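For reference, the chains in residue letters:
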Amino acid sequence: MILKRIVFSALRVLIAVVAVVALLWWFGMRVPGKNISKAAPLSPDEIALREELRADVQRLAGEIGERNMWHYAKLNAAADFIEDSFSRAGLRPRRDSYELRGQACHNIEAEIRGARPEIILIGAHYDSVFGSPGANDNGSGVAATLALARRFANRKTQHTMRFVAFVNEEPPYFLSGEMGSLVYAGRCKARGDKISAMISLETIGYFSDAPHSQTYPSRVLGAFYPKVGNFIGFVSNLQSRALLRRVIAVFRQYAKIPSEGAALPAFIPGVSWSDQWSFWRNGYPAIMVTDTAPFRYPYYHSANDTPDKLDYDRFTLVVSGVEKVIEDLDKL
C-alpha cells in the first residue's frame, strides 16, 4: 500500500512537470518563422556596417577601456563619445542625468519624431563591469545602437524612434533603483510616454561553431535549444510575448544568421539580465537581443573582453536584421 502511494505520488509529480514544460514550450518557446542553419555572406552595405561597428567597439573598449563609477572619467568619456556620435549623425542628443553619491550619471538619448506619439525605443548600456574593458559587454550593444541611429536619422517614420545609451547597468547597480535604465524608464512612465516596443541590445558580438559551445541556465531549456553557439537570441518575459513573436518572425524573414527565441518567466536566470527589465518594471513591452553572454562567451565580465574577441561578420548580420525589425514595427 505504501509503495503504491509513493508510485502514484511520483506519477502525479511527473505528469505535473511534463504539463508545465509542455505549456512553457507551447506558449513561450515555440516561435514563428523559418530558421536558417548558418550565416550568409555580407552584402556591400553590410561590409560598410561591419567597419562602423568595429570602429565604435574599438573606440569604446580599445581606447576608452573600462568605464564605470570606479573609472568615472572614462565613463564620462564614453558618454561624450556617444553624444558626439549622435550629433554627427544629424541627431540632437539629450542627457537624461541623475546623481549617484554626489556624481552625475548620464543616460544619453537621441529622438527622431514620428507622425505618431507611440515610441519604438532601442537601447544598450555603455558602462562596463569592474575590471573589464567591455568590448562585447556591452560595447557591441552600444555600437549597434549608434549604427541603427545613423540609419534612421534621415528617415520619416510613423512612430517616434528613440535611441538611448544607458549608464550603470553593471553591478553593484544591476537590478537596483540606481540602474540607469530604471531611472530612465521610471521617468518615461511619469511623463506618460507611450513606448510600444523596447529593444535591449545586450552582448551581441560573439559566436562559435564549436560543439557544446552553448549552455543554458537549466537542462530543460537545453533540451529544446541548440548546443552550438552560432545563433542570436531573442528573449522576453511572458507579458512581452506578442512583441517577441513579431520581432523574431520578421527577423527570420530577412535575416542571414540563425536565431532562437523564448518568452519565459522573468525569474529564470538570464531572462531579466539587462535593461529590458527596467521597462518591464514600468509596464512597457520589451525584449532583449543577446548572444546569451555567460552561457556562451568565455570572456564574460573579464579583462579579456577585448575588441579582438568579437565575430564582426555575424555581429553585422544581427544589426542588419534588427534594422528590418524596426522598419516592420514602425508599420504597426
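Look a little higher up for the structure.
These lines cover the structure that appears in this document, whether it is placed above or below. Predicted, not measured: the structure shown is a model, and the values here were computed from it.

**Remarks on the packing of helix α7 (residues 241-254) against helix α9 (residues 312-329)**
Now for step 1: Interhelical geometry of α7 versus α9 gives an angle of 120° and a closest axis separation of 9 Å. One element, α7, and the other, α9, form an angle in the oblique class. Here α7 and α9 pass one another in a crossing that is right-handed. Across the interface between the two elements, Leu243, Arg246, Val247, Val250, Phe251 and Tyr254 from α7 touch Leu317, Val318, Gly321, Val322, Lys324, Val325, Asp328 and Leu329 from α9.
Now for step 2: A class-by-class count of the residues in the contact of α7 with α9 yields 10 nonpolar, 1 polar and 3 charged.

**Side note on the side chain of Asn107**
Now for step 1: By secondary structure assignment, the location of Asn107 is in strand β2 (residues 103-112).
Now for step 2: With residues near it in sequence (within four places) discarded, Asn107 still touches Arg94, Arg95, Asp96, Tyr98, Ala165, Phe166, Val167, Gly180, Ser181 and Tyr184.

**Brief notes about the nonpolar core**
Nonpolar side chains tend to gather and get buried jointly when the protein is soluble and globular.
Now for step 1: If you look at the biggest cluster of nonpolar residues, it comprises 72 residues, and the most contacted ones within it are Tyr126 and Phe315.
Now for step 2: Among residues more than four places away in sequence, those in contact with Phe315 are Leu53, Val57, Ser140, Ala143, Ala144, Ile204, Gly205, Phe207 and Leu310.
Now for step 3: In this structure, Met198, Phe231, Leu264 and Tyr284 belong to the second largest nonpolar core, which totals 24 residues.

**Focus: α9**
Now for step 1: Between its first and last C-alpha atoms α9 spans 26 Å; for 18 residues at 1.5 Å apiece the expected length is 26 Å, and the two agree.
Now for step 2: Within α9, 15 of the 18 residues are buried, which leaves it mostly tucked inside the rest of the structure.

**Section: the packing of aromatic side chains**
Now for step 1: Counted according to the given criterion, the structure contains 13 aromatic pairs.
Now for step 2: Centroid distance Phe166 to Tyr184: 5.6 Å. Interplanar angle 70°. Geometry classified as edge-to-face. Note that Phe166 is positioned in strand β4 (residues 160-166) and Tyr184 in helix α5 (residues 180-191), a separation of 18 residues in sequence.
Now for step 3: Each ring, one from Trp273 and one from Phe295, has its centre 5.9 Å from the other, and the planes form 15°; the classification is stacked. A residue pair is termed long-range when its members are at least 10 positions apart, and Trp273 in the loop between β7 (259-263) and α8 (276-281) and Phe295 in the loop between β8 (286-290) and α9 qualify at 22 residues.
Now for step 4: Looking at Phe295, the relative accessible area reads 17%, which means it is buried.
Now for step 5: The rings of Phe166, Tyr184, Phe279 and Tyr284 are connected pair by pair, giving a single aromatic cluster.
Now for step 6: The ring of Phe231 has Arg296 lying over it, and the distance from NZ or CZ to the ring centre is 4.7 Å.
Now for step 7: Above the ring of Tyr254, the side-chain terminus of Lys324 is found at 5.5 Å from the ring centroid.

**Description of helix α2 (residues 44-64)**
Now for step 1: Taking 1.5 Å as the rise per residue, α2 with 21 residues should run 30 Å; its terminal C-alpha atoms sit 29 Å apart, in good agreement.
Now for step 2: Of all bends in α2, the biggest is about 35°, found at Gln58.
Now for step 3: Among the residues of α2, Glu46, Leu49, Arg50, Leu53, Asp56, Val57, Leu60, Ala61 and Ile64 are the ones counted as buried.
Now for step 4: Packing partners of the buried residues in α2 comprise α3 (72-88), α4 (135-152) and α9.
Now for step 5: Two residues or fewer after α2 comes Gly65, characterised by a positive phi angle close to 80°.

**What about the pattern of salt bridges?**
Now for step 1: The final tally for this structure, using the stated rule, is 28 salt bridges.
Now for step 2: For Lys256, the salt bridge identified is with Glu46, shortest N-O distance 2.8 Å. Taken together, the positions of Lys256 in the loop between α7 and β7 and Glu46 in helix α2 put the pair 210 residues apart, joining distant regions of the chain.
Now for step 3: Classification of Lys256 as partly exposed rests on a relative accessible area of 23%.
Now for step 4: As a salt-bridge pair, Asp308 and Lys309 come within 3.4 Å of each other at their nearest N and O atoms.

**Some details on unusual backbone geometry**
Now for step 1: The omega torsion of the bond from Asp137 to Asn138 falls at 10°, within 30 degrees of zero and hence cis.
Now for step 2: Mapping Asn138 onto the fold places it in helix α4.
Now for step 3: That bond from Pro171 to Pro172 is cis: its omega, 10°, falls within 30 degrees of zero.
Now for step 4: With respect to the helices and strands, the residue Pro172 is situated in the loop between β4 and α5.
Now for step 5: A positive phi angle, close to 50°, is found at Arg101, a residue other than glycine.
Now for step 6: Mapped onto the fold, Arg101 is located in the loop between β1 (94-100) and β2.
Now for step 7: We classify Arg101 as exposed; its relative accessible area is 64%.
Now for step 8: With a phi close to 60°, His212 is a non-glycine residue in the positive phi region.
Now for step 9: As for its placement among the helices and strands, His212 is situated in the loop between β5 (195-202) and α6 (219-222).

Thresholds, definitions, all that
Residues numbered from 1 in each chain as written. Predicted model: local features only at pLDDT ≥ 70, side-chain atom pairs only at ≥ 80, totals over all residues. Heavy atoms only, no water. Axes fitted to C-alpha atoms, helices over the stretch in contact; angles between N-to-C directions. Helix = DSSP H or I, 4+ residues; strand = E, 2+ residues; numbered from the N terminus. Parallel < 35°, antiparallel > 145°, perpendicular 65-115°, else oblique. Left-handed = near helix turned anticlockwise from the far one by under 90°. Contact = heavy atoms within 4.5 Å. Nonpolar A, V, L, I, M, F, W, Y, C, P; charged D, E, K, R; others polar. Core = buried A, V, L, I, M, F, W, Y, C linked by side-chain atoms within 4.5 Å. Buried < 20%, exposed > 50% of the residue type's maximum accessible area, 1.4 Å probe, protein only. Expected span 1.5 Å × (residues − 1). Phe/Tyr/Trp six-rings, centres within 6.5 Å; stacked < 30°, edge-to-face > 60°. Lys NZ or Arg CZ within 6 Å of the ring centre and 35° of its normal. Bend = angle between axes of the 7 residues up to and from the residue. Salt bridge = Lys/Arg side-chain N within 4 Å of Asp/Glu carboxyl O.

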